[in-house]
Amino acid sequence: VTAGDYVRRVEFELRDLPWSQRRALVVDLRHHLAELPPDTDLVERLGPPERYAADLRTAAGLERRRGVFAYLRARRPRNLALVAIALTALGLAIATLAWIHTYQPIATGNVGYEPGAHDSPTGDGIYYVFHQGRRFRYGMTIANEGRFTVRVLGIPIYWELPIRYRLLVSGSGTIYRGPPPGPFRPLHPFDLGPGEQRMILFSGRFSEPCDLRQQGSEGFDEIPVRYRFLWHTGTAQVALMDPLTFVFTKKAAAGCPPTR
Amino acid sequence: VDQAQLLKGVLELAVLAVIARGETYGYEILSTLEAAGLDGVGDASVYGTLRRLEQAGHLESRLVASDSGPARKYYAITRGGRQQLEAGSKTWTRIGSAVDGLVKP
């Protein structure tokens with residue numbers, strides 16, 4: 001058994017002691033071993049490391065320690081600090097990832113553009129009466145109420161609207177007032193900065209209500225806005241300025257095949 | 001009677017007595033004890049006792065560089081250690097006399 005092996009085995013037997021105390025005992029043992037004649041058989045002179053550790057423990061009055069607190073105190077402070085730093089960094093990384101994946105700053109803006117719409121008699125929105133072939137325009141602003149820029153990728157609407165339309169987007173602004181802000185251009189992905197608003201405009205004509213397969217009315221109260229923040233892509237459901245309803249008269253549905 | 005068990009009770013007193021003669025280091029303390037006839041005491045017991053006495057403030061230590069190898073740890077007795085030694089000596093004398101009276105015919 002070499003001196004190094006002997007010290008390691010004794011230290012292992014004392015592993016429950018606080019690190020600084022164990023360290024001091026190990027230093028003492030190294031001094032002791034260094035004082036012995038070079039050709040000393042350590043096990044013969046000192047006994048097995050396990051017994052040496054037990055005798056040392058007894059003579060020094062060091063009780064065996066158990067429990068979580070003792071386990072932590074037995075660790076090297078530098079290692080504990082490194083583990084704490086690593087855990088903190090990991091926690092921060094997880095929290096940051098979770099925050100990025102839940103960050104959704106897009107909200108309804110402050111302007112709606114609803115030419116030709118009627119206020120609902122119940123006061124809970126607007127409605128358009130369907131007129132085949134007539135022009136249809138509906139716009140609303142969306143706003144970035146967060147602190148970071150997001151990229152708006154599109155408006156993935158899957159409604160079966162009784163209109164043929166193009167999606168347009170206005171120039172950048174903060175708070176719109178009065179007529180819809182122009183000029184409009186076809187909607188392509190764009191950046192929406194903090195505090196910025198843009199109007200999304202449905203522009204087209206009423207056409208073919210039969211896909212809806214019903215008469216009476218069809219209502220919508222939010223639009224999906226696809227966006228990207230850093231690497232995360234999500235869809236925000238943005239409430240319409242006013243819930244939107246299409247009203248179909250008997251005449252509108254007259255040409256539709258009967259529903260099954 | 002197991003000599004090691006007997007020695008454990010008086011080892012603290014013996015170690016203090018050796019160091020009271022003058023500043024010394026661990027291996028020399030061991031050699032002095034062995035030369036005095038206390039050869040049944042283990043090295044670990046002596047070093048553990050040194051550690052306990054130092055923790056209790058009865059000893060103080062310092063590292064001294066050595067020409068022949070690593071630094072040596074020298075121990076010196078403190079004022080508290082001398083008081084402890086005096087009290088222990090009186091106790092030992094009293095117990096020794098009492099035990100002598102019992103074991104001698």
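Placed above this text is the structure.
Description of the structure in this document. (Residues numbered from 1 in each chain as written. Chains lettered and ligands numbered in written order. Predicted model: local features only at pLDDT ≥ 70, side-chain atom pairs only at ≥ 80, totals over all residues. Heavy atoms only, no water.)

Here we come to the overall build of chain A. Counting its secondary structure elements, chain A contains seven helices and 11 strands. Within the span of chain A, comprising 260 residues, buried residues form 39% of the whole. In chain A, 74% of the contacts between residues at least 6 apart in sequence involve partners at least 24 apart. Summing over all exposed atoms, chain A offers an accessible surface of approximately 14900 Å²; the carbon and sulfur share of this is 54%. (Helix = DSSP H or I, 4+ residues; strand = E, 2+ residues; numbered from the N terminus. Buried < 20%, exposed > 50% of the residue type's maximum accessible area, 1.4 Å probe, protein only. Contact = heavy atoms within 4.5 Å. Areas by Shrake-Rupley, 256 points an atom, 1.4 Å probe, with all protein chains shown as cover.)

The next point concerns the sheet that holds strand β3 (residues 72–77) of chain B. Read across the sheet, three strands follow the order β1-β3-β2 (chain B) without closing on themselves; strand pairing throughout is antiparallel. Either end of the sheet is taken by a strand with one partner, and the two such strands are β1 (24–25) and β2 (59–64) of chain B. As defined by bridge partners, β1(B) adjoins β3(B) across two bridges and the pair is classed as antiparallel. Residue T24(B) lies in a different strand from β3(B), and its bridge partner there is Y75(B). Helix α2 (residues 19–35) of chain A rests against β1, β2 and β3 of chain B of the sheet, and its axis sits at about 105 degrees to β3(B). Lying over the sheet, helix α3 (residues 43–55) of chain B contacts β2 and β3 of chain B, oriented at roughly 115 degrees with respect to β2(B). (Pairing = 2+ DSSP bridges. Axes fitted to C-alpha atoms, helices over the stretch in contact; angles between N-to-C directions.)

It is the contact of helix α4 (residues 49–60) of chain A with α3(B), at a shortest axis distance of 7 Å, that shows an interaxial angle of 35 degrees. When the axes of α4(A) and α3(B) are compared, the crossing they make is right-handed. Residues Y52(A), D55(A), L56(A), A59(A) and A60(A) of α4(A) pack against D43(B), A44(B), S45(B), Y47(B), G48(B), T49(B), R51(B) and R52(B) of α3(B). (Left-handed = near helix turned anticlockwise from the far one by under 90°.)

On to the environment of L63(B). By secondary structure assignment, the location of L63(B) is in strand β2. Considered as a pair, L63(B) and Y74(B) are 11 residues apart in the sequence and their alpha carbons are 6.1 Å apart.

Attention shifts here to the pairing of strand β9 (residues 197–206) of chain A. Taken residue by residue, a regular strand's side chains alternate between the two faces of the sheet. Residues and elements named next belong to chain A. Among the 10 residues of β9, nine are classified as buried, and the element is accordingly described as predominantly covered. Of the pairings in the sheet, the one linking strand β4 (residues 135–144) to β9 comprises nine bridges and is antiparallel in character. The residue of β9 that forms the bridge with R137 is S203.

Our next topic: a nonpolar patch on the surface. All names here are of chain A. A cluster of nonpolar side chains, namely V68, Y71, L72 and L80, defines an oily patch on the protein surface of about 390 Å² accessible area. Looking at the nonpolar patch, the element that brings in the most residues is helix α5 (residues 68–74), giving three residues. With respect to the helices and strands, the residue L72 is situated in helix α5. (Patch = residues over 30% accessible without salt bridge, like charges linked within 9 Å, V, L, I, M, F, W, Y side chains within 5 Å. Salt bridge = Lys/Arg side-chain N within 4 Å of Asp/Glu carboxyl O.)

Next up on the list: the sheet that holds strand β3 (residues 126–129) of chain A. Residue and element names in this part refer to chain A. Read across the open sheet, the six strands follow the order β2-β3-β11-β10-β5-β8; overall the sheet is mixed. Edge positions in the open sheet fall to β2 (118–119) and β8 (190–192), since each of these has one partner strand only. Relative to strand β11 (residues 232–248), β3 is paired through four bridges, and the arrangement is parallel. The residue bridging Y128 from the neighbouring strand is F246, located in β11.

Here the focus is the packing of aromatic side chains. Residue and element names in this part refer to chain A. By the definition in use, this model includes 19 aromatic pairs over all chains. Here the aromatic rings of W99 and F229 are separated by 5.7 Å at their centres, their planes lie at 85 degrees, and the arrangement is edge-to-face. With W99 in helix α6 (residues 77–102) and F229 in strand β10 (residues 216–229), the pair connects residues that are 130 residues apart, well separated along the chain. Residue classification places F229 among the buried positions, given a relative accessible area of 5%. Each ring, one from F136 and one from F206, has its centre 5.3 Å from the other, and the planes form 70 degrees; the classification is edge-to-face. Note that F136 is positioned in strand β4 and F206 in strand β9, a separation of 70 residues in sequence. With a relative accessible area of 2%, F136 lands in the buried category. (Phe/Tyr/Trp six-rings, centres within 6.5 Å; stacked < 30°, edge-to-face > 60°.)

Attention shifts here to the interface of chain A and chain B. Contacts between the two partners involve 18 residues from chain A and, on the opposite side, 19 residues from chain B. Between chain A and chain B, roughly 1600 Å² of surface is buried when both sides are summed, and carbon and sulfur atoms account for 56% of that area. For the pair chain A and chain B, the interface holds three salt bridges. Taking the shortest distance from any N to any O, the salt bridge between R45(A) and D43(B) comes out at 3.0 Å. The tally of links from chain A across to chain B stands at six residue pairs in polar contact (both at pLDDT 80 or more). Elements represented by at least two residues in the side of chain A that touches chain B include exactly α2, α3 (42–46) and α4 of chain A. With eight residues, the top contributor of residues to the side of chain A that touches chain B is α2(A). (Buried area = accessible area lost by both parts, 1.4 Å probe. Polar contact = N/O pair within 3.5 Å; in protein donor to acceptor, adjacent residues only side chain to side chain.)

Attention now goes to helix α1 (residues 3–13) of chain A. All names here are of chain A. Residues of α1 that are buried include every one of Y6, V7 and V10, and no others. Seen along its axis, α1 keeps its buried residues to an arc of 95 degrees; they face one direction. Where α1 is buried, its residues meet α2, α3 and α4. (Arc of directions from axis to C-beta.)

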